[in-house]
Each structure stands twice: as structure tokens, then as C-alpha cells.
Amino acid sequence: MPAALRSLPGVTALLAAGLLAGCGSGPPTATRPVSPGGTSAGGSATAPSVPGPSEVGAGPTVTGAPVTGDAPWPTYGGDGARTGLSRGAPPAGALRPAWTAHVDGAVYGEPLVADGAVLVATEHDTVTALDAATGAVRWSRHLATPVDGASLPCGDIDPSGITSTPAVDPATGTLWVVAFEQAAGGPAHHLVGLDVRTGALTSDRVVDPPGLSPTVEQQRGALLVAGGSVLVAYGGLDGDCGPYKGAVVAAPEAGGAPTAFVVPAAREGGIWSPPGPVAAAGGHVLVTTGNAASRSVYDDANAVLALTLPGPTVTGLYAPADWAQLSAADLDLSSTSPAVLADGRVVAAGKQGVAYLLAGGDLGGVGHQAAVATACAGSGAYGGMAVDGTTVVVPCRNGLRALTVGTGSLTPAWQLATPGPGTPLVAGGKVFDLARSGEVDEVDPATGAVTARATLPPAQTPFPALSGAGARIYAATGSVVTALTGA
């Protein structure tokens, strides 16, 4: 982008493909040998060996049977648009646990549901499939040794293993997960494919962004399967140490070298919101960026970016007029992912607590700002939003906030003052939320009144999220997984 345009006090532009730098050759394709073994029903599996950096090659890709029709919650938010809508809900009445199960470490991502199993991944680099009806372990796969948090220059996760929410491709029966691993050549992020039904290892590649150090890049955003690729987003560690940059890596599901978009900032611009990239109309993908280094020449800070595949290539961008002030005050727009309405419009909100309504058309380029509203008075928005028709539910740090989206307006509605809420879930005409305290609320979507409540162990992650399938909702709090039902 010409310097004159980047230096404008506000950036609201549609960009032609190729105007933004940052799409380079992909990261190396180092893999581990693929073996179908290593799983066991009812217990943990033996950890596979981890090769050194010299063991580079294109490992085979083996896919299992499709699970189409039995993947009610295959990705963060239940679908690629991250709407947070479930097909069912617990019966009305008091929420109660149907079962609880323990796994080998903290779960930071959202539980997934596919093939009748609840799939969870831990910071110990272990993936476990729990029977959705009983909580019994179907299979468990320990992938590698996680990274010692004390060995990193900053951060608040120890050990640091699988932090993001995995994604299921129902068409191939593959569970995709990114594990942060301590290998002989140093820490690396591996994209691993597992058979949903058996846990067998089917694929393994390094997916670190090119030219960036894995020790300062955190992979927190949920994975997204789109356009035949798995999209992997990166931001920085807690504390913003080191020369990290925001990035999105696209790894073809069928194998081959990943490609990447790296934010063209001198530093920062993290793409770190827990819901990760969001699928939008026309095959486009939306991400948000955080604060970056520049205070004068625009560098893609605090923006909603529209990406197209293959690439990924940036074809559209929106940034609020006060992007430089947001960067100076560390008020990232990337503390949430964009919310996409059925008509294609987009709602974005960040640490400042301001919500933006964008009229984006086909989202090939995010369009003009249609409205602005204060979503989170006195706090910021963190995690993921839920979309139900023209209502968007925002997880403000000081409680849930409902916004009503009009023709050209955003109107704040009710607010539930529960500190530290997580990403909301909409199911059966109710809103459900898991707070960091472990409190699960069932909320009337018309008034914001709490109609039922359950108390679980505190969530270790600052961004807890529920998933739903059938008449149950699922929660991961620390190393405990709970299935909730009604009275």
C-alpha cells in the first residue's frame, strides 16, 4: 500500500489482491514418520518419537471414513462462521452434570463433538476422545513433549502444548490439531492429523510462519478448515515479548508445502483471538489484528482483514480511525474474532469495548463502517461472539452484552453482569455461558435474566467456551470435562 494511504488517520478501504505484502513461500515441511498405531481404548497412548530437524520430508496422508451427519460441533463456534448456534439444548430446568471426565492437562480450547465423541486437547500435547453419552475414554493420543513455559521469554501457559481449538473435517474423518512441541532442534508448531474414530496419526507437518521464531509466536486461535486447507493463526505470548508478528498459515489437507500471510508490520499485529479465522460469504476468511509497532504509517494494526484462498491473500481491510491510539494503548481489536450475520454484514469488537458494524457486501473486501456502539462500558470484549438472527451476544470482561443489529445501527440491549464470561452458546432458544469462575448460566435471550445455573471447577483458560450437541452442552474447566443436561 502506498505510504500516503497508510499514513491516513483512518483506513477504510477495499484493497485489490496483491496490494499487501506478506504472502511468501511457506514454512518448511518437516514431518515425523506417520504410523497408524499408538492408540488405546480406555487409556493413554505411547508417545511417538520426535525426529530432529534433519528429518525433513513429505509424510503420507491417510484419511479415515467420513463422519458427515455425525459431527454436530466440528469446529469452534459449531460452524466456520463461529455463530455459536447448537442444534439442540438441555431440557428446561436446573442444569446438572450428566458425567465428568479427567484428562492429563489443562484444556484451553473448546470441546468438539463428532462421531459420538467429545474431542479435547490438552497443554500436555494429548488428544482424547470421550464417549459423548458416558464420558468413557474411547482413545487417547499423546503426541509429543510440550514446551516448558519457563524456557520461553514470556507467557502465562506452562507447559505450553495444544492451546488452540482443533477442527474436524467431517468429509475425511480427520481431526486437525496444532501441537507446540519441544523437539531436538528447538520448539516447533506441528499440524497433526488424527483419525476421528481411532486416533491414528495420519499427517504431521511443521507449520511455523516463515521467518518468525516459534519461541515468541503463540498459536491460540482456533483452526479453520476452508478451501481444502487448514488455516492456522498466530499472535504473541502474554507479555508481548520478542519480534513476533501476526500470521495465518494455510496448510493443504492433501499434503504439500504450507503458504502464509504475515502482517506487514515491523512487529506485533497479532492474530490471536480464540475463535481464530472466520469463514464468510464467497469463500472469504476474516481475521482481526492487534496493536502493532507504527504510530504514524499504517501497518495493518487493529484491523479486520479479508483473506482469500489460495494464498492466503488480503483483499480487503477495515481499521477504525483511531488505530494508532489503540496501538499505543494496547487496545487490540483482535481480542475477539469478527461476527458474521446471515446477510453478510460483520460486527467487530476489541479491548476498547467499542463495536463496529461493517457493511461488507460479498466480503471480498470489508466495506464501510455502518455504525459504532459501546458494547462493553468500562471493559473490553474477549473471546468469541454468538450470532442469533440480528442479535449478537458479546463477551465483555464485566459481563455478557446483547447487541441488536438494525439496518444501519447497533443498539445495546441487556447486559448480564457476570465477571469474566466466556464465549456464549445459543441453544434451544436460550443463551448459555461459562465464566472463568466455573459458573455456567442459562440466560433468557430477551431479558438477560438467568434462568438456571450450575457450578463447575474454575476454568484455567481466561477464554472459556462451551459446545453443544443434542440435549447436552459440554464444558472443559482445567483438566475436567463435563457434560451438562437439564432437570
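Positions within a chain are numbered from 1, following the residues in the order the chain's sequence is written. Only residues with pLDDT of at least 70 are given local features in this predicted model, and only at 80 or more are side-chain atom pairs given and counted; all residues enter the totals for whole chains, interfaces and linings. Just so you know, side-chain values use all the structure's heavy atoms and leave hydrogens and water out.

This part is about the overall build of the chain. Within the chain one finds 2 helices and 36 strands. To sort residues, take the accessible area from a 1.4 Å probe on protein chains only and compare it with the maximum for the residue type: under 20% means buried, over 50% means exposed, and anything in between is partly exposed. Relative to its full complement of 487 residues, the chain shows a buried share of 61%. Once local pairs closer than 6 in sequence are excluded, the contacts in the chain between residues at least 24 apart make up 58%. Secondary structure elements follow DSSP: runs of H or I no shorter than four residues count as helices, runs of E no shorter than two count as strands, and numbering proceeds from the N terminus. Here a residue-residue contact requires only that any non-hydrogen atoms of the pair lie within 4.5 Å.

By definition, disulfides here are pairs of cysteine sulfur atoms that lie within 2.5 Å. Summed over all chains, the structure comprises 2 disulfides. One disulfide bridge connects cysteine 154 with cysteine 241, the sulfur atoms lying 2.1 Å from each other. Residues cysteine 154 and cysteine 241 share a disulfide whose torsion about the S-S bond is about -80°; that sign makes it left-handed. Of this pair, cysteine 154 sits in the loop between β8 (137-142) and β9 (167-169) while cysteine 241 sits in the loop between β15 (229-236) and β16 (247-252), and the two are 87 residues apart along the sequence. Note on cysteine connectivity: cysteine 376 is disulfide-linked to cysteine 396, with sulfurs 2.0 Å apart. Taking the torsion about the S-S bond as the criterion, the cysteine 376 to cysteine 396 disulfide, at about -75°, is left-handed. One end of the pair, cysteine 376, is in the loop between β25 (368-374) and β26 (386-388); the other, cysteine 396, is in strand β27 (residues 391-396), and 20 residues separate them in sequence.

Here the focus is unusual backbone geometry. Of the consecutive residues aspartate 158 and proline 159, the connecting peptide bond is found in the cis state with omega at -5°. By the element assignment, proline 159 lies in the loop between β8 and β9. Cis geometry is found at the peptide bond from leucine 309 to proline 310, where omega equals -5°. Note on placement: proline 310 falls in the loop between β20 (304-308) and β21 (313-319).

A separate point is the nonpolar core. Judged by nonpolar contacts, the single largest core of 48 residues is most densely connected at Val118, Leu119, Val127, Leu175, Leu194 and Val440. No other element matches strand β6 (residues 117-121), which puts 5 residues into this core. Contact partners of leucine 194, with chain neighbours within four places excluded, come to Val127, Trp139, Arg141, Leu143, Gly173, Thr174, Leu175, Val177, Gly199, Ala200, Leu201 and Thr202. Listed in part, the 23 residues of the second largest apolar core include Ala226, Ala303, Leu305 and Leu317. Take the buried Ala, Val, Leu, Ile, Met, Phe, Trp, Tyr and Cys residues and link them wherever side-chain atoms come within 4.5 Å; each set so joined is a nonpolar core.

Our next topic: the sheet that holds strand β35 (residues 472-477). In this scheme, strands are said to pair when DSSP sees at least two bridges between them. What the 4 strands build is an open sheet, ordered β4-β36-β35-β34; its pairing is antiparallel. In this open sheet, the two edge strands, each paired with only one partner strand, are β4 (96-102) and β34 (467-469). Neighbour to neighbour, the strand axes of the sheet diverge by 25° on average, direction disregarded. Judged from the 3 bridges that link them, β34 and β35 form a sheet pairing that is antiparallel. Note on β35: the bridge partner recorded for glycine 468 is isoleucine 473. Angular values range over 0 to 180 degrees, each being the angle between N-to-C directions of two axes fitted as lines to C-alpha atoms, with helices fitted over their stretch in contact.

Turning our eyes to something else, we now look at the packing of aromatic side chains. Whether two aromatic rings pair depends on their centres lying within 6.5 Å, for rings of Phe, Tyr and Trp, where Trp uses its six-membered ring; planes under 30 degrees apart make the pair stacked, over 60 edge-to-face, and the rest tilted. The full count for this structure, using the stated rule, is 5 aromatic pairs. On the numbers, 5.9 Å between centres and 55° between planes, the contact of tryptophan 272 with phenylalanine 463 is tilted. Of this pair, tryptophan 272 sits in the loop between β17 (259-262) and β18 (278-279) while phenylalanine 463 sits in the loop between β33 (450-455) and β34, and the two are 191 residues apart along the sequence. Residue classification places phenylalanine 463 among the buried positions, given a relative accessible area of 10%. When the ring of tyrosine 382 is compared with that of phenylalanine 463, the centres are 6.4 Å apart and the planes differ by 20°; the resulting orientation is stacked. Of the two residues, tyrosine 382 sits in the loop between β25 and β26 while phenylalanine 463 sits in the loop between β33 and β34, which places them 81 residues apart along the sequence. Judged by relative accessible area, which is 18%, tyrosine 382 ranks as buried. Taken together, the ring pairs in this structure connect Trp272, Tyr382 and Phe463 into an aromatic cluster. To sit over a ring, a charge needs its Lys NZ or Arg CZ within 6 Å of the ring centre and within 35 degrees of the ring normal. We note arginine 397 situated over the ring of tyrosine 382; from NZ or CZ to the ring centre the distance is 4.0 Å.

The next subject is the sheet that holds strand β11 (residues 186-195). Pairing in this open sheet of 4 strands is antiparallel, and the strands run β9-β10-β11-β12 from one edge to the other. Every interior strand has two partners, whereas the edge strands, β9 and β12 (201-206), have only one. With strand direction ignored, the average angle separating the axes of adjacent strands in the sheet is 30°.

In predicted models, pLDDT denotes the confidence assigned by the predictor to each residue on a 0 to 100 scale. Per-residue confidence for the chain gives a mean pLDDT of 86; residues scoring 70 or more make up 85%. Every residue in residues 1-62 is under pLDDT 50, and counting partners more than four places away or in other chains gives 155 contacts.

Side chains that carry opposite charge are capable of pairing whenever their charged atoms lie near each other. A side-chain nitrogen of Lys or Arg and a carboxyl oxygen of Asp or Glu constitute a salt bridge if their distance falls within 4 Å. Counted by the stated rule, this structure contains 9 salt bridges. With its nearest N and O atoms 3.2 Å apart, the salt bridge here joins arginine 138 to aspartate 131. Note on arginine 138: relative accessible area 30%, which makes it partly exposed. On the basis of relative accessibility, which here comes to 18%, the residue aspartate 131 falls in the buried class. Aspartate 441 is the salt-bridge partner of arginine 453, the closest N and O atoms lying 2.6 Å from each other. Here aspartate 441 lies in strand β32 (residues 439-443) and arginine 453 lies in strand β33, a separation of 12 residues in the sequence. Residue class for arginine 453 comes out partly exposed when judged on its relative accessible area of 44%. Several salt bridges converge on common partners, so that one network encompasses Asp115, Asp131, Arg138 and Arg197.

Turning our attention to the pairing of strand β24 (residues 354-359). Burial analysis of β24 places 5 of its 6 residues in the buried class, the great majority of the element. Pairing of strand β23 (residues 346-349) with β24, which is carried by 4 bridges, proceeds in the antiparallel orientation. Looking at the pairing, valine 346 lines up with leucine 358 of β24. The hairpin turn running from β23 into β24, its antiparallel successor, is 4 residues long, and glycine 353 in that turn takes a positive phi close to 85°. Bridge count for β24 against β25 is 6 bridges, and the pairing is antiparallel. Looking at the pairing, alanine 359 lines up with histidine 368 of β25.

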